[in-house]
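Analysis of the macromolecular model
Here's the letter readout for the chains.
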2 protein chains.
Amino acid sequence: MQSYKELSKEELLQKKIQLEEEYKKVMSENISLDMSRGKPGADQLDISMEMMDVLKSTDNLVCEQGVDCRNYGILDGIKEAKKLLADMSEVPVDNMIIFGNSSLNIMFDTVSRSVTHGVMGSKPWCKLDKVKFLCPVPGYDRHFSISEYFGIEMVNVPMTVTGPDMDMVEKLVKEDDSIKGIWCVPKYSNPQGITYSDETVRRFARLQPAAKDFRIYWDNAYGVHHLYEDDQDYLIEILEECKKAGNPDMVYKFCSTSKISFPGSGLAAIATSEPNLEEIRKHMTIQTIGHDKLNQLRHVLFYKDFDGMIDHMKKHAEILRPKFEMVLTILERELGGTGLGEWISPKGGYFISFDSMEGCAKEIIKKCKEAGVVMTPAGATYPYGKDPHDSNIRIAPTFPNLSELKKATELFALCVKLVGVNQLLENK
Amino acid sequence: MQSYKELSKEELLQKKIQLEEEYKKVMSENISLDMSRGKPGADQLDISMEMMDVLKSTDNLVCEQGVDCRNYGILDGIKEAKKLLADMSEVPVDNMIIFGNSSLNIMFDTVSRSVTHGVMGSKPWCKLDKVKFLCPVPGYDRHFSISEYFGIEMVNVPMTVTGPDMDMVEKLVKEDDSIKGIWCVPKYSNPQGITYSDETVRRFARLQPAAKDFRIYWDNAYGVHHLYEDDQDYLIEILEECKKAGNPDMVYKFCSTSKISFPGSGLAAIATSEPNLEEIRKHMTIQTIGHDKLNQLRHVLFYKDFDGMIDHMKKHAEILRPKFEMVLTILERELGGTGLGEWISPKGGYFISFDSMEGCAKEIIKKCKEAGVVMTPAGATYPYGKDPHDSNIRIAPTFPNLSELKKATELFALCVKLVGVNQLLENK
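Cut-offs used in this document
- Residues numbered from 1 in each chain as written.
- Chains lettered and ligands numbered in written order.
- Predicted model: local features only at pLDDT ≥ 70, side-chain atom pairs only at ≥ 80, totals over all residues.
- Heavy atoms only, no water.
- Axes fitted to C-alpha atoms, helices over the stretch in contact; angles between N-to-C directions.
- Helix = DSSP H or I, 4+ residues; strand = E, 2+ residues; numbered from the N terminus.
- Parallel < 35°, antiparallel > 145°, perpendicular 65-115°, else oblique.
- Left-handed = near helix turned anticlockwise from the far one by under 90°.
- Contact = heavy atoms within 4.5 Å.
- Buried < 20%, exposed > 50% of the residue type's maximum accessible area, 1.4 Å probe, protein only.
- Pairing = 2+ DSSP bridges.
- Right-handed = clockwise from strand over helix to strand, strands pointing away.
- Phe/Tyr/Trp six-rings, centres within 6.5 Å; stacked < 30°, edge-to-face > 60°.
- 1 Å grid on protein atoms, 1.4 Å probe; cavity = no way out; pocket = protein on both sides within 12 Å on 5 of 7 lines; lining within 4 Å.
- Points joined across faces, edges and corners; volume = space filled by probe spheres on them.
- Nonpolar A, V, L, I, M, F, W, Y, C, P; charged D, E, K, R; others polar.
- Core = buried A, V, L, I, M, F, W, Y, C linked by side-chain atoms within 4.5 Å.
- Buried area = accessible area lost by both parts, 1.4 Å probe.
- Salt bridge = Lys/Arg side-chain N within 4 Å of Asp/Glu carboxyl O.
- Polar contact = N/O pair within 3.5 Å; in protein donor to acceptor, adjacent residues only side chain to side chain.
- Patch = residues over 30% accessible without salt bridge, like charges linked within 9 Å, V, L, I, M, F, W, Y side chains within 5 Å.
- Areas by Shrake-Rupley, 256 points an atom, 1.4 Å probe, with all protein chains shown as cover.
- Lys, Arg positive; Asp, Glu negative; His and termini not counted.
- Charge placed at Lys NZ, Arg CZ, Asp CG, Glu CD.
- Expected span 1.5 Å × (residues − 1).
- Bend = angle between axes of the 7 residues up to and from the residue.

Residue and element names in this part refer to chain B. Where helix α12 (residues 361–370) meets helix α13 (residues 402–426), the closest approach of the two axes is 9 Å, and the angle between their N-to-C directions is 130°. On the basis of the axis angle, α12 is oblique to α13. Judged by the twist between their axes, the crossing of α12 over α13 is right-handed. Contacts from Glu363, Ile364, Lys367 and Cys368 in α12 reach Leu411, Phe412, Cys415, Val416, Leu418 and Val419 in α13.

This is the structure we're talking about:
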C-alpha cells in the first residue's frame with residue numbers, strides 16, 4: 001500500500017471524506033466490544049473445567065509430606081505444587097515458594113516489605129529520601145501502579161527487539177544507588193511480545209548495581225504461553241545466570257497459573273535464592289497461616305506434571321492463534337505500508353503492541369470508544385500513564401470471539417487511518 | 001479438695017514423692033501428644049467434605065452479578081459471598097469486602113498499609129517516632145507478632161470477665177495520640193473464652209481517642225463458634241454501636257471461615273465503614289486482581305445461607321463439646337480447690353485458659369514436654385512472649401481425639417500439681 005505520508009493534500013482530503021463515511025457507517029451499527037483486557041476467553045476456561053472434579057468428598061486429601069491439606073500447616077506450599085511450578089519456572093524445587101492466587105500480590109508484598117523492612121538487612125525504603133525503579137517501556141501498567149503507590153520514582157528505559165536498552169540499564173544501576181529495582185516481563189513481554197535475548201539476560205545477571213538492595217523483578221507471566229508449537233521464543237533461566245555471575249540474590253522471579261488454569265483461582269509463586277526465601281518466609285510467618293493447599297492439590301492432580309501442563313498450553317494456543325493471526329492479518333491488510341503505524345508479530349503472550357504516528361494514540365482510542373470499541377487507555381503502557389510520544393497502543397485480542405475481534409480490529413484500523421490522515425493534513 | 005497452700009511441709013513432701021512417682025510412670029509410657037494448637041480435628045473437617053463436590057465441570061459458574069467466576073473481575077467479593085459473611089458478621093452487605101483465605105493476612109495488610117500510607121489521610125506510621133497498640137492480655141500471639149514485626153510498641157491491658165479493663169483503655173487512648181490501635185477478640189476470646197459485655201462494647205464505641213487514625217482491630221474469629229445450643233454468649237454488634245456513638249470509622253471487624261469450613265482454604269473478610277472500605281479498595285486495586293471467586297462460590301453453594309452455616313456449626317459443637325467438657329472435668333477433679341490454678345469454662349471458641357500460681361507456667365510446660373505433651377509455650381499469650389506473672393497457659397483441646405486429650409490433660413494436671421508443690425515447698 002502507498003505510504004499516506006507521500007499523499008498530496010487533495011488525496012488526503014479525499015481519503016478523509018471516504019474514511020469519515022466508513023466511520024459513520026460503523027457508528028450506526030451500535031457495536032459494543034472490548035479489546036482492552038488481557039483476559040482469557042470463556043473457551044479457554046472451558047479446557048480447565050475438569051479441575052472442578054479432581055477433589056472429591058470421598059478423597060483422602062493428604063499431600064506427599066503427610067499433611068492433611070484441609071487443615072492448617074505448611075507455610076510455603078505443598079511439595080508437589082512446588083515441583084510443578086518449579087518445573088514450569090525451570091528452577092530447582094527448593095528455590096520456590098507457592099503463594100495464593102495472584103503473582104501481582106506477591107510483587108506488591110515484595111515491594112511493601114522492602115518499604116517497611118528493607119531487603120536482607122538494608123535500610124527500609126521508607127527511611128530513604130528517594131527510591132527509584134527502572135521501567136522498560138512500553139510495559140505493564142500494574143507494575144507501574146505498584147511503584148507509584150509506594151512513591152517510587154520511575155525511570156523509563158526504552159525496549160529494543162532484544163529487551164530493555166542494556167547500556168542504559170547497566171549505566172544507571174551502577175551510578176545511582178537509589179535505583180532499587182527494575183520491572184521485567186522477559187518473555188512475550190507485555191505489551192510487545194518481545195523475548196529478551198540470551199545476551200540481554202546475561203547482561204542482567206552481570207549487573208553491578210550501586211545499591212546492595214537492588215533486585216530484578218522478573219515477572220515471567222508468559223513463560224509457557226506460546227502460540228506456535230514449532231516456532232517458540234526461548235528465554236534463558238535468570239536465577240542460574242545470576243548465580244554463575246556471582247549475583248545469586250539479585251533476582252525475584254514471579255510466575256502464576258492465572259492464564260493457564262483460572263485467572264483469580266490459580267496458583268502464584270516466587271523463585272529466588274535461599275537468603276531471599278528466608279527473608280520472605282520470615283515475613284510470611286507473621287502475615288499468614290499459609291495459602292490454599294486444596295487449590296494447590298487441585299492443580300497438581302489436574303496437570304499431573306509439567307508435561308501435562310505443556311499439553312494443556314497447546315489447547316490454549318489453538319484457541320489464541322487464530323485470534324492473533326486475525327488481528328495481524330487485518331493490520332497488514334489495512335495499514336501495511338501506509339506509514340501510519342508499526343507493530344510486532346509476537347510468538348506468544350497476550351498482546352499485540354501497536355505504535356501509531358506520534359501524537360495519535362489518544363485520539364485513535366477516543367475514536368474507537370466513540371464507535372463502541374474499548375481499547376486499553378493510551379499511555380497505560382508507560383509510567384504515570386504518560387507516553388511521551390502518545391503513540392503506543394496495547395491490543396488485547398484474547399477475550400473477544402473471532403467475529404467480534406474482526407469487527408473491532410477493522411474499526412481500530414479505520415480509526416488509525418482517520419486520525420493519521422487528520423494529522424497529516426494539519427501539517428500540510 | 002484441700003487447698004495445697006494449707007498443707008504442712010511434711011504433707012507437701014509426701015505429696016511430692018507420690019506425684020513424682022506418678023510422673024515417672026507417665027514418662028515410661030513414651031506418649032507424644034499436642035495440645036498447643038487451635039486446629040480443628042480431622043472429624044471436624046470431614047463435615048465439610050461435600051464442599052468438594054459443589055462445583056462440577058459441567059456447571060455454569062456465573063455469579064449473581066453475571067460475572068464468570070472462572071475469569072478476572074470483581075475485586076471485593078461476589079455478592080452472594082458478601083451476603084453470607086455479612087449475615088455471619090451481623091453487618092450490612094455493603095460494609096463487607098471478601099478477601100482470600102486468611103483474616104490474619106487482612107489484619108497484617110491493614111497494619112502494613114497504615115505503616116506505609118497512614119489511615120484515611122493521616123501521616124504514615126513509618127514517619128512517626130512511635131506507634132503503640134493496646135493489647136488486652138492474655139491474648140492472641142499472632143496479633144502481637146504483627147505489632148512486633150512493624151516495630152509497634154505494645155501496652156498490656158488486663159482482661160476482666162467482661163472484656164478488657166475499659167477504664168484503662170479509655171484513659172490511655174484519650175491521653176496518648178501514639179496509640180493507634182487495640183487488638184480485640186471480642187467473642188469467646190483467645191485464650192480465655194470471654195465475651196465482651198454490652199457495656200464493654202458500648203464503651204469501645206464511645207472511645208475518644210487522641211489519635212484520629214486510632215482503630216479497633218475487632219477480630220471476631222469465633223463469632224459463631226458456640227459449644228451449646230441453649231447456652232450461648234451474645235456480643236452486640238460494634239459497627240452499628242460505633243455509628244450510633246458518632247465514631248463510624250473507628251472499627252475494622254475481621255472474620256473468616258477458617259474454623260467453619262477448611263483452615264487455609266476458607267474465606268476471610270473485613271467489615272467496616274464506607275470511607276474505610278474506600279481506602280482498602282484503593283489499596284486492593286494496586287495489590288491484586290481479586291481473590292478466588294470459585295472458592296467464594298463453593299462456600300455459598302455449600303452453606304446456601306447463614307441458616308445453613310448455623311446448622312453446620314452445630315455439627316462442630318457436637319464434636320468439640322465433649323472435648324471441652326473432658327478437659328474441664330479433669331481440671332476440676334484434679335485441681336479443684338487445690339489453689340494451684342484457676343480457669344474459666346468457656347461457652348465457645350477454641351481454647352481454655354489456665355492460670356497457675358505465679359511463676360509456675362514455664363516449669364509446668366517444660367514438665368509436660370518432657371513427658372511427651374506439647375503445650376502452647378508459656379508467655380505466648382502476652383506481647384513479646386513475656387507473661388509478667390509466668391502464670392497463663394493456653395490449652396487447645398480441639399485437635400487431639402478424646403482418649404489422647406484425656407491422657408494429655410491428666411498429665412497436665414499432674415505437672416501443675418508437681419510444679420505447685422515444689423514452689424510451695426521452696427517458700428516453706
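Let us now look at the pairing of strand β6 (residues 179–184) of chain B. Residues and elements named next belong to chain B. Of all the 6 residues making up β6, 6 are buried; the element is thus mostly covered by neighbouring parts of the structure. Note that β6 and strand β7 (residues 215–219) share 4 bridges and pair parallel. Counted as the bridge partner of Ile182 is Ile216 from β7. Following the backbone out of β6, through helix α7 (residues 198–205) and into the adjacent parallel β7, one traces a crossover that is right-handed.

Attention now moves to the packing of aromatic side chains. All names here are of chain A. The full count for this structure, using the stated rule, is 36 aromatic pairs over all chains. Consider the rings of Phe133 and Tyr217, whose centres lie 5.1 Å apart with planes at 50°: the pair is tilted. Residue Phe133 is located in strand β3 (residues 132–137), and its partner Tyr217 is located in strand β7 (residues 215–219); the two are separated by 84 residues in the primary sequence. Judged on exposure class, the residue Phe133 and its partner Tyr217 are both buried.

Residues and elements named next belong to chain A. Across the sheet, 8 strands lie side by side as β2-β9-β8-β7-β6-β3-β4-β5; this open sheet has mixed pairing. Sheet topology places β2 (96–98) and β5 (163–164) at the edges, where each strand pairs with a single neighbour. Against the sheet, helix α9 (residues 274–287) engages β2, β7, β8 (251–256) and β9 (268–271), with an angle of about 20° to β2.

So, about unusual backbone geometry. All names here are of chain B. Following Val137, the chain continues into Pro138 via a peptide bond in cis, with omega recorded as -5°. Residue position: Pro138 is located in the loop between β3 (132–137) and α5 (141–149). Looking along the chain, the bond that leaves Asn190 and enters Pro191 is cis, with omega of 5°. Relative to the elements of secondary structure, Pro191 occurs in the loop between β6 and α7. Backbone geometry at Lys304 places phi at a positive 65°, although glycine is not the residue there. Positionally, Lys304 belongs in the loop between α10 (293–303) and α11 (306–335).

If you walk through the whole model with that rule in mind, you get 13 cavities of 30 Å³ or more. Approximately 420 Å³ is the volume found for the largest cavity. Every residue lining the largest cavity is counted, 29 residues in all, and those nearest its centre are Gly100 and His291 of chain A together with Gly100, Asn101 and His291 of chain B. If you list the elements that add at least two residues to the lining of the largest cavity, you get α4 (103–117) of chain A together with α4 (103–117) and α10 of chain B. Looking at the lining of the largest cavity residue by residue, the classes come out as 6 nonpolar, 19 polar and 4 charged.

A word on the nonpolar core. Taken as a class, soluble globular proteins show a tendency for nonpolar side chains to be buried jointly. Membership of the largest hydrophobic core comes to 121 residues, with the highest contact counts inside it found for Phe204, Ile216 and Trp218 of chain A together with Phe204, Ile216 and Trp218 of chain B. Among the nonpolar cores identified, the runner-up in size contains 66 residues, and Ala268 of chain A together with Val111, Ile146 and Tyr217 of chain B belong to it.

The partner chain A presents 59 residues to the 59 residues of chain B that form the contact. Summed over both partners, the interface of chain B with chain A buries about 5,000 Å², with 54% contributed by carbon and sulfur atoms. Its largest share of buried area at the contact with chain A, chain B owes to Arg70, Tyr72 and Tyr149 of chain B, together 16% of the area lost on that side. At the boundary of chain B and chain A, one finds 2 salt bridges. Our count for the contact surface shared by chain B and chain A stands at 25 residue pairs in polar contact (both at pLDDT 80 or more). Only α2 (42–46), α4, α5, α9 (274–287) and α10 of chain B provide two or more residues apiece to the side of chain B that touches chain A. Among the elements that make up the side of chain B that touches chain A, the one with the highest residue count is α4 of chain B (9 residues). For the side of chain B that touches chain A, the residue count by class is 22 nonpolar, 20 polar and 17 charged.

All names here are of chain A. By the element assignment, Lys323 lies in helix α11 (residues 306–335). Taking the C-alpha atoms as reference points, Lys323 and Leu402, separated by 79 residues in sequence, lie 6.2 Å from one another. Those residues in contact with Lys323 that sit more than four places away from it in its chain are Asp43, Pro397, Thr398, Phe399, Pro400, Asn401, Leu402 and Leu405.

Our focus in this paragraph is a positive patch on the surface. On the surface, a cluster of positive charge is contributed by Lys123 and Lys127 of chain A together with Lys123 and Lys127 of chain B. For Lys123 of chain A, a relative accessible area of 53% puts it in the exposed group.

Once that is clear, we can look at α11 of chain B. Residues and elements named next belong to chain B. With 30 residues, α11 extends 40 Å between its outermost C-alpha atoms, agreeing within 8% with the 44 Å of an ideal straight helix rising 1.5 Å per residue. By the largest-angle criterion, Leu320 marks the main kink of α11, which is about 30°, and a proline, Pro322, follows within four residues. Where α11 begins, the side chain of Asp305 points an oxygen toward the backbone nitrogen of Asp307, at a separation of 3.2 Å. Gly337 occupies a position one or two residues after α11 and carries a positive phi of about 80°.

What follows is about the pattern of salt bridges. On inspection of all chains with the given rule, the structure shows 52 salt bridges over all chains. One salt bridge connects Glu241 of chain A with Lys244 of chain A, and the closest N-O pair in it is separated by 3.2 Å. Here the residue Glu241 of chain A and the residue Lys244 of chain A both occupy positions in helix α8 (residues 238–244), the gap between them amounting to 3 residues, near one helical turn. Given a relative accessible area of 58%, Lys244 of chain A falls into the exposed group. Between Glu410 of chain B and Arg333 of chain B there is a salt bridge whose closest N-O contact spans 3.1 Å. Taken together, the positions of Glu410 of chain B in helix α13 and Arg333 of chain B in helix α11 put the pair 77 residues apart, joining distant regions of the chain. In this structure Arg333 of chain B comes out as partly exposed when scored by relative accessible area, which is 42%. Sharing partners across several salt bridges, the network here consists of Arg333, Glu334, Lys406, Glu410 and Lys417 of chain A.

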